Amino acid sequence: MASSASIPPSNEEDQVLVEEKSFARILVLNRPKQLNAASFYMISRLLELFVAYEKDSAVKLIILKGKGRAFCAGGDVAAVAHNIKEDKWKLGAEFFRKEFTLNYVMATYSKPQVSILNGIVMGGGAGCSVHGRFRIATENTVFAMPETALGLFPDIGASYFLSRLTGFFGEYVGLTGARLNGAEMLACGLATHYVPAARLPSLEAALSKVPYTDPASISAIIEEYSEFPTITEQSAYKRLDIINRCFSRRTVEEIVSALEREATNVKDGWISATIHSLKKASPTSLKISLRSIREGRLQGVGHCLTREYRMACHVIRGDVSKDFVEGCRALLLDKDKNPKWEPSTLELVSDEMVEQYFTKLDDEDWEELKLPTRPVYMLVIRAHEAFSSAISGVDTAVCVFLSIAPSTPSSLCRTPCLSFLESRQRSSIPLEELIMASAASLPPRNEEDQVLVEEKSFARIVVLNRPEQMNAVSFYMISQLLELFTSYEKDSAVKLTIIKGKGRVFCAGADVAAVAHNIKQGEWKLGAEFFWKQFALHYLMATYSKPHVVLVHPFSLGWALLNTHSYQYCVL
């Protein structure tokens, strides 16, 4: 969440403008004098519109942009700080509740959201855009998460998306508040496309005419106007080796020490500036931010937002530290840029103090963030859309719709697996044999042997056991995996799950021959049930609360490649 003045516009209803253009709805953030800082009204209005448009079949696409030189400079934290001073911190809590709910709806949205980031994007502005499907940067884009300088922490689901950036770049961005330009946003994955500002009107016109919600087709349209900008040698992204060496350290103190050692070996102004940024930030904010991002690596977006809501409530209540109010005073109100942090040093911020931010509030009137029940995001389903439509002749969503929360996010997907071509080049198995194995429907001697389990101390090793069919996934195998993962998540004795394949293939894909057989028999709904169960398993793994590791050796195809999206760790 970033800084802003809390001056109201002349008319609250004008804070979000709506343009209806054919199949698209263009939403314009309209507080240009306040750099489109998100007020409570603006957030409430956006949430109302997004919910309504998701139900409206006439709306295929949402375009979100800002008026003036900013997309959105963040949430209106000055208003929150004012509430705290008036001893009304619960009004601030309600602001965060509404904002995080909007972030979650955007992250799980079933229709494409295109955010045009032609200007300043900070804090809450990132929450309104990064969770969406498409984020378009330009030469005017300036991105930052400056919360630690305000006595806050990167919220709005930032512990989810920052933790999924390359290496430890997310820790660097989140702790230092470093500013990124459009080229850097594209390089690190915070933006999906880079379009010169002069081409934006033409792009908007083209997108407005799109009569469908297919992300691949929309991406293709955006790519027609896109460029691949060059990153300068001065960019932090050119220093990933230093960032990874330093920001991978366990504690903030160790990160600072590592940077100081680098500074003695290399004459680089960037290192000095980075150290300076860390030393000017709130020590408490730095410590809770690092822990938050690290926890976010192993949590889904819903879990991250729920935890961040707890943290935000502790921050604004000031029961551990009042750095947030002090940060707002120094940077937004008095603007002396000289905050007096308390505790004043990293060493004075104890582990017990940090732990408090991650616990429930001791207040009988306080409630946890309750995120709305959402449909499972259709991105995975659309990967099979052509096939599913062919077998059913009806809308895919009818076959495999599943309502459950928290849902898989629609935005950043870090999939550390081999591409098909890379896999093909490294494999000695003939392609024809792999495809045939993927479609093999020969049952093993005993169905119950399709999934083997080894119990080793705190770990459970799950083995796919159809080696004669190259571990092609049957309906029984999927059902058994779903049952096992569900039970292991509830079992406190299980700390880690490892999944691997028996024989020379991890998994050659789903048993599509069995589905084809059902279609020939006029029983396409059995095929739909297969996909329903399969996507439920993907969803469970994507939102799993315990670490799970997949050992992809030596080859994976189809179902297995898709499923590595859901694993937290993929070892090739």
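As the structure is a prediction and not an experimental result, all values here were calculated from the model.

Peer 1: Hey, could you go over the overall build of the protein chain for me, with residue numbers and the actual values?
Peer 2: Looking only at helices and strands, the protein chain has 25 helices and 17 strands in total. Across the 572 residues in the protein chain, those meeting the buried criterion constitute 58%. When contacts within the protein chain are restricted to residue pairs at least 6 apart in sequence, those whose partners lie at least 24 apart make up 76%. Of the accessible surface of the protein chain, which amounts to about 24100 Å², a share of 53% is contributed by carbon and sulfur atoms.

Peer 1: Lay out the sheet that holds strand E7 (residues 134-137) in plain terms, naming residues and giving numbers.
Peer 2: Ordered in space as E1-E2-E3-E5-E7-E10, the six strands form an open sheet in which the pairing is mixed. Strands with a single pairing partner mark the edges of an open sheet, and in this sheet they are strand E1 (16-21) and strand E10 (193-194). Sheet analysis places strand E5 (residues 113-117) next to E7, joined by four bridges and oriented parallel. Directly across from Ser115, in E7, lies its bridge partner Arg135. Strand contacts of helix H9 (residues 215-224): strand E3 (61-66), E5, E7 and E10, with the helix running at about 5 degrees to E7, the strand carrying the most contacts.

Peer 1: Quick rundown of the sheet that holds strand E9 (residues 180-181)? Include the residues and the values.
Peer 2: Taken together, four strands build an open sheet; the order of strands is E4-E6-E8-E9 and the sheet is mixed. Of all strands in the sheet, those bounded by a partner on one side alone are strand E4 (70-72) and E9. Bridge analysis of strand E6 (residues 120-122) against strand E8 (residues 142-144) gives three bridges, and the strand direction is parallel. The residue bridging Val121 from the neighbouring strand is Phe143, located in E8.

Peer 1: Which residues make up the packing of helix H8 (residues 200-208) against H9, and what are the values?
Peer 2: Where H8 meets H9, the axes come as close as 10 Å, and the angle between the chain directions of the two elements is 155 degrees. Taken together, the axis directions place H8 and H9 in an arrangement best described as roughly antiparallel. The chirality of how H8 crosses H9 is right-handed. Packed against H8, whose contacting residues are Leu203, Ala206 and Leu207, the element H9 presents Ile218, Ile221 and Ile222 at the interface. Considered class by class, the residues forming the contact of H8 with H9 number six nonpolar, no polar and no charged.

Peer 1: Explain the nonpolar core to me, and be specific about the residues and the numbers.
Peer 2: Residues Phe143 and Phe169 are the most contacted members of the largest nonpolar core, which totals 107 residues. The biggest single contributor to this core is helix H3 (residues 89-107), with 10 residues. Excluding its chain neighbours within four sequence positions, the residues that come into contact with Phe143 are Val121, Ala126, Val130, Val173, Ala178, Arg179, Leu180, Met185 and Leu190.

Peer 1: Before we move on, can you summarise the packing of aromatic side chains with the specific residues and values?
Peer 2: Scanning the model with the defined rule gives 10 aromatic pairs in all. Three or more aromatic residues joined by ring pairs form one cluster here, namely Phe169, Tyr172, Tyr237, Phe247 and Trp270. Looking at Arg291, its charged tip hangs above the ring of Phe358, at a distance of 4.0 Å from the centre.

Peer 1: Describe the pattern of salt bridges, and please don't skip the residues or the numbers.
Peer 2: When the charged atoms of two side chains with opposite charge come close together, those side chains can pair. For the coordinates displayed, the defined rule picks out 25 salt bridges. Among the ionic pairs, Glu171 bridges to Arg297, the shortest N-O distance being 3.0 Å. Linking Glu171 in helix H6 (residues 169-176) with Arg297 in the loop between helix H13 (283-296) and helix H14 (301-317), this pair joins segments that are 126 residues apart in sequence. Overall, the relative accessible area of 0% leaves Glu171 in the buried class. Put simply, Arg460 and Glu455 hold a salt bridge, and the shortest N to O gap is 4.0 Å. The network of salt bridges with common partners includes Arg291, Glu295, Arg307 and Glu355.

Peer 1: I'd like to hear about the packing of H6 against helix H12 (residues 269-280), residue by residue, with values.
Peer 2: The interhelical angle for the contact between H6 and H12, taken along N-to-C directions, is 55 degrees, at an axis separation of 9 Å. As the angle between them shows, H6 and H12 are arranged oblique. Residues Tyr172, Leu175 and Thr176 of H6 form the contact with H12, whose own contacting residues are Trp270, Thr274, Ser277 and Leu278. A class-by-class count of the residues in the contact of H6 with H12 yields four nonpolar, three polar and no charged.

Peer 1: Help me get a handle on the pairing of E7, residues and values and all.
Peer 2: Burial along E7 is two-sided: the residues Phe134 and Ile136 and Arg135 and Ala137 are all buried. Pairing analysis gives two bridges linking E7 to E10, with the strands arranged parallel. Bridge pairing in E10 links Ala137 to Tyr194.

Peer 1: If you had to explain helix H15 (residues 323-333) to someone new, which residues and values would you point to?
Peer 2: Burial analysis of H15 places eight of its 11 residues in the buried class, which makes it a mostly covered element. Among all positions of H15, only Asp323, Phe324, Glu326, Gly327, Cys328, Arg329, Ala330 and Leu332 are buried. In the core, the buried residues of H15 are packed alongside helix H2 (77-85), H13 and H14. The first or second residue beyond H15 is Lys335, which carries a positive phi of 60 degrees.

Peer 1: Give a detailed account of helix H22 (residues 475-490), specifying residues and quantitative values.
Peer 2: Taking 1.5 Å as the rise per residue, H22 with 16 residues should run 22 Å; its terminal C-alpha atoms sit 23 Å apart, in good agreement. Within the sequence span of H22, burial applies to Met477, Ile478, Ser479, Gln480, Leu481, Leu482, Leu484, Phe485 and Tyr488.

Peer 1: Which residues make up the environment of Phe161, and what are the values?
Peer 2: Here Phe161 shows up in helix H5 (residues 158-161). The spatial distance from the C-alpha of Phe161 to the C-alpha of Gly300 is 9.8 Å, given a sequence separation of 139 residues.

Peer 1: Break down the pairing of strand E13 (residues 451-456) for me, with residues and values.
Peer 2: Two strands pair when backbone bridges link them, and E13 and strand E14 (residues 459-464) are joined in this way by six bridges, in the antiparallel orientation. Paired with Glu455 across the bridge in E14 is Arg460. The hairpin formed by E13 and E14 contains two residues between the paired strands, and Ser457 there has a positive phi angle of roughly 55 degrees.

Peer 1: I'd like a rundown of the environment of Val453, residues and numbers included.
Peer 2: Tracing the backbone through its elements, the reader meets Val453 in strand E13. Separated by 45 residues in sequence, Val453 and Ile498 have C-alpha atoms that sit 9.8 Å apart. With near-sequence residues (within four places) excluded, Val453 lies in contact with Ile461, Leu484 and Tyr488.

Rules of the game
Residues numbered from 1 in each chain as written. Predicted model: local features only at pLDDT ≥ 70, side-chain atom pairs only at ≥ 80, totals over all residues. Heavy atoms only, no water. Helix = DSSP H or I, 4+ residues; strand = E, 2+ residues; numbered from the N terminus. Buried < 20%, exposed > 50% of the residue type's maximum accessible area, 1.4 Å probe, protein only. Contact = heavy atoms within 4.5 Å. Areas by Shrake-Rupley, 256 points an atom, 1.4 Å probe, with all protein chains shown as cover. Pairing = 2+ DSSP bridges. Axes fitted to C-alpha atoms, helices over the stretch in contact; angles between N-to-C directions. Parallel < 35°, antiparallel > 145°, perpendicular 65-115°, else oblique. Left-handed = near helix turned anticlockwise from the far one by under 90°. Nonpolar A, V, L, I, M, F, W, Y, C, P; charged D, E, K, R; others polar. Core = buried A, V, L, I, M, F, W, Y, C linked by side-chain atoms within 4.5 Å. Phe/Tyr/Trp six-rings, centres within 6.5 Å; stacked < 30°, edge-to-face > 60°. Lys NZ or Arg CZ within 6 Å of the ring centre and 35° of its normal. Salt bridge = Lys/Arg side-chain N within 4 Å of Asp/Glu carboxyl O. Expected span 1.5 Å × (residues − 1).

Geometry only, nothing functional implied.
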